[in-house]
Amino acid sequence: MTKLTKLIIFSICILKLTLHLIADFHSGIRGDELLYIQTGNHLAFGYLEVPPMIGLLAFIQNLFHTQSVFTYHIFPHIAMLLIIIYVGKITVELGGKSIAVFIALSCILVAPGFEASQQLFEPVVFSQLFWVLCFYQLVRFVKYGDRKYVWYLTIFISLFFLTKYDALFFCFGLLSLLFFRKTRVVLVKGKYWQCLMIAFLILLPNIIWQYVNDWPALQMFHRLYETQLDDLSLLHVLRDLFLYVNPIAFILMLPALIYMFVDKKNINFYWPIACSILLQVLLLAYCKGKAYYFLPIVLTILPFSAIFWENIIQPKRKWLLYPLSFILLIAAVLIPFGMPLYSFHHYLNSVYKYSPKEIKNGKPVLQIEEYYATKKWKTTMQELQSVYDSLPADEKKNCLIWGKHYSQAGAVELFKNDYGLPDAFSYHGSFYSWAPKGKMPGTVIAVCHNDAGDNFFDPFFEEVIPVRRFYSDYASIEGWIVQTIYICKKPKQNFEKMKELFKKRIFE
C-alpha cells in the first residue's frame, strides 16, 4: 500500500468521522438503540433478537453512566472506520491502486444507506464490519492459498455469528471454494474440519441458549416474514437499494457485476470470490431480504467496480478522474437523507420537503427518527412523571411502569433517575426475558402507542383508566403518532402468569 493510498484512506476516515460526529450533535437516541443499550445491563449468551455481542459492547458503554449520544456511538464509529480501512485494503488485495481506493471509499461516503446504518448503536453496523473482515480473509486465502487464512476466517466468522445471524448468508457463499480445485485442495489438506469444530465450540454457548429459550431467533424470523418480508417484491428491494447506495454510486457499481467474472488477467483469482458473492446474493434474494440486508454485499462489490474504473482511467485517460470526482461530489448531496447533518428546523425546510412523504392520520411520518427522538422521549418522560406524581403515596411505593413497546421501557430505564420514575418492564422483545417475578403491584402505569389499540391492557387488570394522550408532531412509524398513558389497578394475575400469556406474543 503506497503512501498516497494510505493518505486517501486516512482522509476519507477523517471526513466520514466528522460527518458522523456532526450527526451525533443533532441526534437523539433511537427507539431500537434503547433496547440494545439495556442488553448491557443483562449480560447473557444471547438475546431474543440478536446474539450476545451487542450486549457486551453495551455493557462497556454503560460503564460511563451517561445518556450521551456520543458515548453510545463510540463503537459504531469505530466499526465504521474499520469498514473504511478494510474496504481500502480489500481493494488493494484485489489489485487496485490509489485511484481505485479513492473511488470505492467515495462511493461508501456518498451512500445514504451506509450513513444511516453506520451511525446507530445497532447490530447492523457490526454485521457490516464482520462481513468485510471475513471477506478480507477470504480474498487473502484465495490469493495466497495459505491455511492460516482459513483459521483467521474461522475466528472472524465465529465472531460474526455472535454479532448477527446474517453470517449464515456469508457462510453460504463460502461453498464456492469447493467449486474450484485450487481452493478445494487447500481446504482438504488444511483439515478444514478442524476449523468447523473450533467454530462450533465458540458458538456452542449461544446454541445452548437458543435451545433453552425455545429458539427465539426462529420465532423472530417467522414474525418478520408474517409482517414484512412476505410482502416484499424484488422490484421494491431494487428500488430501495438504488436509493440506499446512491443512484450515481449504484450506476458506477453495475459494471463490476460483469467485470469480476470476465477480467482475463485475474480470472483464476476473481472467480472463486465472485461466485461467493453470487451465492450470497441468490440466497438473500430467495429469502426475500430487505434492501439494507444487501448493503454488506455492496461493500464487497465496490472494490471490483473501483478497479474497473481505474483500469479505464489508467494509463492514458487520467483526465477522466476529474469529471468522475465531480460526479461523486454531486452525489454527496444525498448524504443528509441518510443521517441528521442539519438542525431539525433546517432539515424540515431544506431536506424533508424533498423526501418521499407519508401522511398518516393527518400527521407526517418522519424518515430519520433521530431528529425527533430527544423531544419525543422528553415529552414521554414528563407525561409519565406527571401521572406518577399524581398517585397516592401508598400506590407509588410499589408502582411499576409497563412499556408496551421495548423502546418505551428502554427509555424509562435510561432516563428514570432524571424524572424520579420507578422501574419499567415490558413483554416486547428481549424485555420479556427481564420481566419481574412474583406478585404484581396493585397499581401499574402503562404506556403504549396507538398501534396497540385502546383495549390492550384491559385483559390484565380490573381497572384500566386512560389519563394522558399526547401526539407526536412527527413519528417514524404510522402507529406511533399517538401515545396513551393508563393507570391500571387490581391485576388479575401475577408476573409468572403474565410471562405465560405473552410467551407467543414477544414480537408483536
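Treat the numbers as computed from the prediction; the structure is a model and nothing was measured.

### Things to note about the overall build of the chain
Next, step 1: Across its full length, the chain holds 24 helices and seven strands.
Next, step 2: Along the longest, intermediate and shortest principal axes, the C-alpha atoms of the chain span 80 × 55 × 40 Å.
Next, step 3: Relative to its full complement of 508 residues, the chain shows a buried share of 54%.
Next, step 4: For the chain, the computed accessible surface area is about 23,000 Å², with 63% contributed by carbon and sulfur atoms.
Next, step 5: Computed over 48 positive and 36 negative side-chain charges, the separation of the two mean positions in the chain equals 12 Å.

### Section: a nonpolar patch on the surface
Next, step 1: Together, Ile208, Tyr211, Val212, Trp215, Leu218 and Phe221 make up an exposed nonpolar region whose accessible area comes to about 640 Å².
Next, step 2: Of all the secondary structure elements, the ones that give two or more residues to the nonpolar patch are helix H12 (192–212) and helix H13 (216–227).
Next, step 3: When residues of the nonpolar patch are assigned to their parent elements, the largest contribution, three residues, is made by H12.
Next, step 4: Note on placement: Phe221 falls in helix H13.
Next, step 5: A relative accessible area of 32% means that Phe221 is categorised as partly exposed.

### Quick word on the pairing of strand S3 (residues 400–403)
Next, step 1: Both faces of S3 are covered, namely the face carrying Leu400 and Trp402 and the face carrying Ile401 and Gly403.
Next, step 2: Bridge analysis of S3 against strand S5 (residues 443–449) gives four bridges, and the strand direction is parallel. Paired with Ile401 across the two strands is Ile445, which belongs to S5.
Next, step 3: Regarding topology, helix H23 (residues 406–419) serves as the crossover connection from S3 to the parallel strand S4 (residues 424–425), and that connection is right-handed.

### Some words on the nonpolar core
Next, step 1: Formed by 134 residues in total, the largest nonpolar core has its most connected members in Leu94, Phe135, Phe170, Phe304, Leu384 and Ile445.
Next, step 2: For this core, the element with the most residues is helix H8 (residues 123–144), which contributes 14 residues.
Next, step 3: The contacts of Ile445, once residues within four sequence positions are left out, are Leu384, Val387, Tyr388, Leu391, Cys399, Leu400, Ile401, Trp402, Ile485 and Tyr486.
Next, step 4: The next biggest cluster of nonpolar side chains, apart from the first, holds 25 residues, and it includes Leu48, Met440, Phe461 and Phe495.

### Things to note about the packing of aromatic side chains
Next, step 1: Per the stated rule, a full pass over the model turns up 37 aromatic pairs.
Next, step 2: Aromatic side chains Tyr427 and Phe502 sit 5.0 Å apart centroid to centroid with 10° between the ring planes, which places their arrangement in the stacked category. On the criterion of sequence distance, the pair formed by Tyr427 in the loop between S4 and S5 and Phe502 in the segment after helix H24 (495–501) is long-range, its members being 75 residues apart. Pair check on accessibility: Tyr427 and Phe502 agree, each one buried.
Next, step 3: Put simply, the rings of Trp402, Phe425, Tyr427, Tyr432, Phe456, Phe457, Phe460, Phe461, Tyr486, Phe495 and Phe502 pair up and form one aromatic cluster.
Next, step 4: Residue placement shows Lys89 over the ring face of Tyr86; its charged tip is 5.8 Å from the ring centre.
Next, step 5: Of note, Lys499 hangs over the ring of Tyr432, and the distance from its end group to the ring centre comes to 4.6 Å.

### A closer look at the pattern of salt bridges
A side chain of one charge can pair with a side chain of the opposite charge if their charged atoms are brought near each other.
Next, step 1: Overall, the coordinates contain 16 salt bridges when judged by the stated rule.
Next, step 2: Among the salt bridges present, the one from Lys164 reaches Asp166, with a minimum N-O distance of 3.4 Å.
Next, step 3: Judged by its relative accessible area of 16%, Lys164 falls in the buried class.
Next, step 4: The network of salt bridges with shared partners includes Arg30, Glu122 and Glu370.

### Here we look at the sheet that holds S3
Next, step 1: One open sheet accounts for five strands, arranged S4-S3-S5-S7-S6; its pairing is mixed. The sheet is open, and its two borders are formed by S4 and strand S6 (461–471), each paired with just one other strand.
Next, step 2: Lying on the sheet, helix H21 (residues 370–389) is in contact with S3, S5, S6 and strand S7 (482–491); it crosses S6 at an angle near 135°.

### Details of the side chain of Ser407
Next, step 1: Along the chain, Ser407 falls in helix H23.
Next, step 2: Ser407 has contacts with Gly31, Leu34, Trp377, His449 and Trp480, leaving out every residue within four places of it along the chain.

### Regarding unusual backbone geometry
Leaving glycine aside, a negative phi is the common case for residues, and trans is the common case for peptide bonds.
Next, step 1: Positioned with a positive phi, Asn246 is a non-glycine residue whose angle comes to about 95°.
Next, step 2: Structurally, Asn246 is set in the loop between helix H14 (234–245) and helix H15 (247–253).
Next, step 3: Backbone geometry at Lys288 places phi at a positive 60°, although glycine is not the residue there.
Next, step 4: As for its position among the elements, Lys288 is in the loop between helix H17 (267–286) and helix H18 (295–313).
Next, step 5: The class of Lys288 is partly exposed, set by a relative accessible area of 34%.

### Quick notes on the pairing of S5
Next, step 1: By the criterion of burial, S5 is predominantly enclosed, with seven of the seven residues buried.
Next, step 2: With burial as the criterion, each face of S5 is covered, one bearing Thr443, Ile445, Val447 and His449 and the other bearing Val444, Ala446 and Cys448.
Next, step 3: Here S5 pairs with S7 via seven bridges, running antiparallel. Looking at the pairing, Val444 lines up with Cys488 of S7.

### Description of the side chain of Gln61
Next, step 1: Mapped onto the fold, Gln61 is located in helix H3 (residues 53–62).
Next, step 2: For Gln61, a relative accessible area of 1% gives the class buried.
Next, step 3: Here the side chain of Gln61 touches Phe75 through a polar contact of 3.5 Å, landing on its backbone nitrogen.

Reading the values: the criteria
- Residues numbered from 1 in each chain as written.
- Predicted model: local features only at pLDDT ≥ 70, side-chain atom pairs only at ≥ 80, totals over all residues.
- Heavy atoms only, no water.
- Helix = DSSP H or I, 4+ residues; strand = E, 2+ residues; numbered from the N terminus.
- Buried < 20%, exposed > 50% of the residue type's maximum accessible area, 1.4 Å probe, protein only.
- Areas by Shrake-Rupley, 256 points an atom, 1.4 Å probe, with all protein chains shown as cover.
- Lys, Arg positive; Asp, Glu negative; His and termini not counted.
- Charge placed at Lys NZ, Arg CZ, Asp CG, Glu CD.
- Patch = residues over 30% accessible without salt bridge, like charges linked within 9 Å, V, L, I, M, F, W, Y side chains within 5 Å.
- Salt bridge = Lys/Arg side-chain N within 4 Å of Asp/Glu carboxyl O.
- Pairing = 2+ DSSP bridges.
- Right-handed = clockwise from strand over helix to strand, strands pointing away.
- Core = buried A, V, L, I, M, F, W, Y, C linked by side-chain atoms within 4.5 Å.
- Contact = heavy atoms within 4.5 Å.
- Phe/Tyr/Trp six-rings, centres within 6.5 Å; stacked < 30°, edge-to-face > 60°.
- Lys NZ or Arg CZ within 6 Å of the ring centre and 35° of its normal.
- Axes fitted to C-alpha atoms, helices over the stretch in contact; angles between N-to-C directions.
- Polar contact = N/O pair within 3.5 Å; in protein donor to acceptor, adjacent residues only side chain to side chain.

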